[in-house]
Amino acid sequence: MQNSEWTEKYFEKVAQSSSEGRDAVDYVRTRRIKVGMRRARKSVGAFWTLEGRFFLNSIHHTYESTLENPRAWTLFVHEVRHLQQGIFTALSIYGELDAWQVEFNLYKKLTGKPLHAALEELLSLPLNMDRDILQRAREIMIQYGGKSYGANWLPLFPIHKEIKYWVTRR
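Below is a summary of the structure that appears in this document. Being a predicted model, the structure only gives us computed values, none of them experimental.

Turning to the packing of aromatic side chains, a few remarks are in order. In this structure the tally under the stated criterion is 10 aromatic pairs. An angle of 15° between the planes, with centres 4.9 Å apart, marks the rings of W6 and Y10 as stacked. Taken together, the positions of W6 and Y10, both in helix 1 (residues 3–17) and four residues apart, correspond to about one turn of that helix. Exposure class is identical for W6 and Y10. Each is buried.

Below, the discussion takes up helix 2 (residues 19–31). For helix 2, which comprises 13 residues, the first-to-last C-alpha distance of 18 Å matches the rise-based estimate of 18 Å (1.5 Å per residue) to within 8%. By the burial criterion, the buried members of helix 2 are G21, A24, V25, Y27 and V28. End-on view of helix 2: buried residues confined to an arc of 155°, all on one side of the axis. Looking at the packing, one finds that the buried side of helix 2 touches helix 1, strand 1 (35–38) and helix 4 (70–85). Remark: R32 follows helix 2 within two positions and exhibits a positive phi of approximately 55°.

A cluster of nonpolar side chains, namely L50, I87, F88, L91, I159, I163 and V167, defines an oily patch on the protein surface of about 680 Å² accessible area. Considering each element in turn, the nonpolar patch owes the most residues, three residues, to helix 9 (residues 159–168). Positionally, I159 belongs in helix 9. Residue I159 is classed as partly exposed on the basis of its relative accessible area of 35%.

Over the atoms, a rolling probe the size of a water molecule traces out where space has been left empty. The computed volume of the largest pocket comes to approximately 650 Å³. Along the wall of the largest pocket there are 30 residues; nearest its centre are V44, A46, E79, E96 and Y149. Within the residue set of the lining of the largest pocket, elements represented by two or more residues are strand 2 (46–48), helix 4, helix 6 (93–111) and helix 8 (131–145). Counting residues per element, the lining of the largest pocket draws most heavily on helix 4, which supplies five residues. Class assignment for the residues of the lining of the largest pocket results in 15 nonpolar, nine polar and six charged.

Tallied over the full model, the rule gives nine salt bridges. For E103, the salt bridge is made with R71, and the minimal N-O distance between the two is 2.0 Å. Separated by 32 residues along the polypeptide, E103 in helix 6 and R71 in helix 4 bring together distant segments of the chain. For E103, a relative accessible area of 2% translates into the label buried. We classify R71 as partly exposed; its relative accessible area is 27%. Measuring nitrogen to oxygen at the nearest pair gives 2.8 Å for the salt bridge that ties E121 to R136. Of this pair, E121 sits in helix 7 (residues 117–124) while R136 sits in helix 8, and the two are 15 residues apart along the sequence. Judged by its relative accessible area of 30%, E121 falls in the partly exposed class.

Our focus in this paragraph is a positive patch on the surface. Among the surface-exposed residues, R32, K34, R38 and R53 lie close enough to one another that they form a single positively charged patch. With respect to the helices and strands, the residue K34 is situated in the loop between helix 2 and strand 1.

Basis of the calculations
Residues numbered from 1 in each chain as written. Predicted model: local features only at pLDDT ≥ 70, side-chain atom pairs only at ≥ 80, totals over all residues. Heavy atoms only, no water. Phe/Tyr/Trp six-rings, centres within 6.5 Å; stacked < 30°, edge-to-face > 60°. Helix = DSSP H or I, 4+ residues; strand = E, 2+ residues; numbered from the N terminus. Buried < 20%, exposed > 50% of the residue type's maximum accessible area, 1.4 Å probe, protein only. Expected span 1.5 Å × (residues − 1). Arc of directions from axis to C-beta. Contact = heavy atoms within 4.5 Å. Patch = residues over 30% accessible without salt bridge, like charges linked within 9 Å, V, L, I, M, F, W, Y side chains within 5 Å. Areas by Shrake-Rupley, 256 points an atom, 1.4 Å probe, with all protein chains shown as cover. Salt bridge = Lys/Arg side-chain N within 4 Å of Asp/Glu carboxyl O. 1 Å grid on protein atoms, 1.4 Å probe; cavity = no way out; pocket = protein on both sides within 12 Å on 5 of 7 lines; lining within 4 Å. Points joined across faces, edges and corners; volume = space filled by probe spheres on them. Nonpolar A, V, L, I, M, F, W, Y, C, P; charged D, E, K, R; others polar. Lys, Arg positive; Asp, Glu negative; His and termini not counted. Charge placed at Lys NZ, Arg CZ, Asp CG, Glu CD.

Below, the structure written as structure tokens:
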């Protein structure tokens, strides 16, 4: 299957899955964001780039599997959320918590399956700028995704807010 043929089928599956999927596909189409498959480290299911592209990790996904796997659809919504957030928010634990909550709430809605206890705890955390909550979110992400996921390298707040915090302690 060619990438362009797959992209249209994948968009159709994601859009049909939910209103969140439809909104994410509309966002990608409107901005002409390139979508594809690319190999990445094992701890990554999908990723976005600074150039505004989106890729599913070819270690975990094939063109065919993405058309039948709700996990591939929710990863799409997760990564599009990062593109919507902008780079400063996306590269923070706050941005990750937002995207993880969108992704795994949608996964639960689509599959009806119970989640790992760590993910259930993550979903219960309020999305706000509380450092203790964001620190706990980081711990859960590392527990669930492993140290190679990279959450330990991200600031808790978007970087401009993190700098302000370190200067003012507020």
